[in-house]
Amino acid sequence: MPKIGITALVPPELIFACGGQPYDVNNVIPESKKYPKNKLCAWTAIWQEMLVKREIKIDSLIVVAGGDCHNALVDGQKAAMSGIPTHFFFYPFDGDHKYMESQLHSLCSFLGDIKHPEKFRQIKELKKAGQLIDKKRVNGKISAGEAFRILVSISDLMGDLDKFKRALDIKTPHLNAGIGVNRIALIGVPPIYHDFHDVAQSLDLQIVFDELPYEFVRHTGADLNEVAKDYCNYTFARPLDFRIGFLQKELEKRKVDGVIHYTQFACHHTLEDEILRQELDYPILTIQGDLPGKTPEQIKLRLEAFREMIARS
Amino acid sequence: MIGLDVGSTTAKRVKIEDGEIKFEITGTHNWKDLVEGIGKEDIISTGYFRHSVPHKASVTEITAARFGAEYYFPGVEVIVDIGGQDTKVIDVKKNNFIINDKCSAGTGAFLEFVANYFKIELTEMGRLHSKAKRIPQINNTCGVFAVSEMISQLVAGYSKEEVIAGIHYAFARRISFMIPEAETIVLIGGTVKNEGMISALRDILNKEILIPEEPQIVNALGALEYSE
C-alpha cells in the first residue's frame, strides 16, 4: 500500500479508494524538537525539511497548493525538487463543484485510479462516528484534548481504517471531572503545542469547537461526485464571508462564551484576525505560536487572563 | 490582607490601612522580605510569579491592572502597562488585551539596554531628554539593532541627550501601534516614571494621558481590590 503524504485536507476517501495510505505530514510537528532552517511557518518548514531529508518516509506527496496554506506551495515544491513524486491540489475559491470534480479526477490519475470504491462508504460511516465524538465533547462527555486528538487524526484516518475505528472507542468517558464552565471555540489553524487543549481545560477553558478538525470530520461522500459536492465547501478554501457565516452558526449552536483565535507565526491566516474580530460577536483572544512543544508560559498567562475576562463579561 | 505583585524585575506589596495606601517595593529576588510574618491566607498574588509565591488567591496582571487603574481613575478606557519584560495594553471598554512579550523594542528592557550603553542610570534618561534641542529619527524596529542607528546619529553630530530623546520617540512610536482609539489612557508600570518617554508618548498619541501617583504599585493594589 503506497504511503501518500498530504500537507493539508485532501479527501482521504479518494486516497484509500485508490489503494493508497494517507499520511498527514503535519502529524509529527507538535512533538517535534526540530528548529528548521529557512523558516517562516514552523508547520510547513519542519515537514519540508523532514521530507527532503527523508525523515518522513512516503512514496508520494499531495500538496494543497490552492485554498489553504500558502507557504505549502513553496515548501511543497522543495519536497518535489528533492525527488518525491508530488501532485499539487487546488480547491475552488468560489465553491464550484465541477472544478472540484476535475481536481479529484486529476488526483485520481496521479494515484492510479479508483480500485476500492467501497472505501467511500466505509469512511462515510467512520466520519459519522467521528461526529458523535464531537457531539460528546460539546456535551462534556469526553475531554477536549481527547476529542481533539481523534478529530485531528481524521485528516488521514491514521492511515488505517481499522486502527481509526478502534481509536473511536474511548475507554475513559469520565475525563470531564475538571471541565470548567467557560465554553470556548478554537478557530484558525490548530495550535502547534501538543498539550494546548489540556492546558486550556486545566485553566477552566473548555474547548467545545475545533474549527479545522471539524472540517476534517464534516466533509465526506459516498462516491467521487458526492465528495466533490461536499468538499467544495471546505471553509478554509472559500472566501472569508462564507467561512464567517459558517462559524457564526456553529458558535451559536455550541453556545460558546468566548473564542480563541490561534494564529501561527508567518501564516497568512494571521491577517484574518482583524476581520474575524469585527464579525464574530464574542470575547476573542488572539494568540500566536511559533515553534512546537509545550504551551509556553506567556500563552498560559493570556489564557488565564482571558478566563478572568470572560468571567466579567 | 495584602496585594503582592511579584514581577520579572521587582516585587511590590500593598495594603490599605485606615483608607490609606501603604506600599513597599523591592527587587524580585528579595520578595520574601515583603511577606515576612504574613500568612498565605492574607495574600492575593499577581505578576509573573503569582503562582510561585504563597497566596490565598491569585489574579493575572491584566485583571489586576484593571482593578488597580479603576481605583485611581474610575471609568478608565485604556491601560498601558509598560513593564520590564513586556508591555500590556488593556482595552477596558472592549474587554480586550494585547501583550508584547516577543520583542524588547517596546519594553523597559530596551530602555535599560540604552542606559547601559551610555553607562547612565535609567532614572537619568528623562532628565537628559529634557535637554535635547533636536530629535533625531530612529527608525529601527529592533531594540538591539537600534544601537547601531544611535551610534550613527552620534557620529552625525547629535548629542547624547538628543539621541536619548530620539530613542524615547522610537519607543513611544512602537507602543502607539498597540493602543486602540480612546479619549484617555492610563499609563502604569515602573517605566512610566521616565518623563522623557512620557513626553514622547504624549506628543505621538495626542491624547490625554493619566498617570497614577505610584504607577509601579497599581497591579499589587489591583490584586487587593480584586479580592474585595
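### Here's the deal with the sheet that holds strand S4 (residues 43-46) of chain B
All names here are of chain B.
1) Next: Spatially, 5 strands are ordered S3-S2-S1-S4-S5 in an open sheet, and the strand pairing comes out mixed. Since the sheet does not close on itself, it has two edges, and those belong to strand S3 (20-27) and strand S5 (57-58), each with one partner.
2) Next: Strand direction decides the pairing type here: strand S1 (residues 2-6) and strand S2 (residues 10-17), joined by 4 bridges, are antiparallel. What sits directly across from Gly3, in S2, is Val14.

### Considerations on the domain arrangement of chain B
Residues and elements named next belong to chain B.
1) Next: One can read the domain layout of chain B as domain 1 (1-73 + 214-228) and domain 2 (75-211).
2) Next: Computed over C-alpha atoms only, the centres of domain 1 and domain 2 are separated by 25 Å.
3) Next: Each partner contributes to the interface: domain 1 provides 14 residues, whereas domain 2 provides 21 residues.
4) Next: Contact between domain 1 and domain 2 buries roughly 1500 Å² in total, counting both sides, with carbon and sulfur atoms accounting for 70%.
5) Next: Its largest share of buried area at the contact with domain 2, domain 1 owes to Ile62, Phe73 and Pro215, together 44% of the area lost on that side.
6) Next: Summed over the shared surface of domain 1 and domain 2, the result is 2 salt bridges.
7) Next: Here Glu214 and Lys193 are joined by a salt bridge, their closest N and O atoms 3.8 Å apart.

### Some points on the pattern of salt bridges
All names here are of chain A.
1) Next: Tallying each qualifying case throughout the model produces 30 salt bridges over all chains.
2) Next: Across the salt bridge formed by Glu250 and Lys253, the nearest N and O atoms sit 2.9 Å from each other. Taken together, the residues Glu250 and Lys253, both in helix H11 (residues 240-253) and 3 residues apart, mark about one turn of the helix.
3) Next: You can call Glu250 buried: its relative accessible area is 5%.
4) Next: Judged by its relative accessible area of 55%, Lys253 falls in the exposed class.
5) Next: One salt-bridge network, held together by shared partners, links Asp134, Arg137, Asp210, Glu250, Lys253 and Arg254.

### Description of the pairing of strand S5 (residues 182-188) of chain A
Put simply, side chains in a regular strand alternate between the two faces of the sheet.
Residue and element names in this part refer to chain A.
1) Next: Taken across its 7 residues, S5 has 6 buried, putting it largely inside the fold.
2) Next: As judged from the 5 bridges shared by S5 and strand S6 (residues 205-210), these two strands associate in the parallel manner. Bridge pairing in S6 links Asn182 to Leu205.
3) Next: As for the winding sense of the linkage, the β-α-β connection from S5 through helix H8 (residues 196-202) to S6 is right-handed.
4) Next: In this sheet, strand S7 (residues 258-264) lies alongside S5 in parallel orientation, the contact comprising 5 bridges. Considered in S7, the bridge of Ala185 is made with Val259.

### Examining unusual backbone geometry
Residues and elements named next belong to chain A.
1) Next: The backbone of Asp113 shows a phi angle near 70 degrees, a positive value even though the residue is not glycine.
2) Next: Mapped onto the elements of the fold, Asp113 is located in the loop between helix H4 (97-111) and helix H5 (118-138).
3) Next: A relative accessible area of 44% means that Asp113 is categorised as partly exposed.
4) Next: One non-glycine residue, Leu157, lies in positive phi territory at about 50 degrees.
5) Next: For Leu157, the location among the structural elements is in the loop between helix H6 (144-152) and helix H7 (161-168).
6) Next: By relative accessible area, Leu157 is classed as buried at 0%.

The rules behind each value
Residues numbered from 1 in each chain as written. Chains lettered and ligands numbered in written order. Predicted model: local features only at pLDDT ≥ 70, side-chain atom pairs only at ≥ 80, totals over all residues. Heavy atoms only, no water. Pairing = 2+ DSSP bridges. Helix = DSSP H or I, 4+ residues; strand = E, 2+ residues; numbered from the N terminus. Domains from an automatic or database assignment. Contact = heavy atoms within 4.5 Å. Buried area = accessible area lost by both parts, 1.4 Å probe. Salt bridge = Lys/Arg side-chain N within 4 Å of Asp/Glu carboxyl O. Buried < 20%, exposed > 50% of the residue type's maximum accessible area, 1.4 Å probe, protein only. Right-handed = clockwise from strand over helix to strand, strands pointing away.

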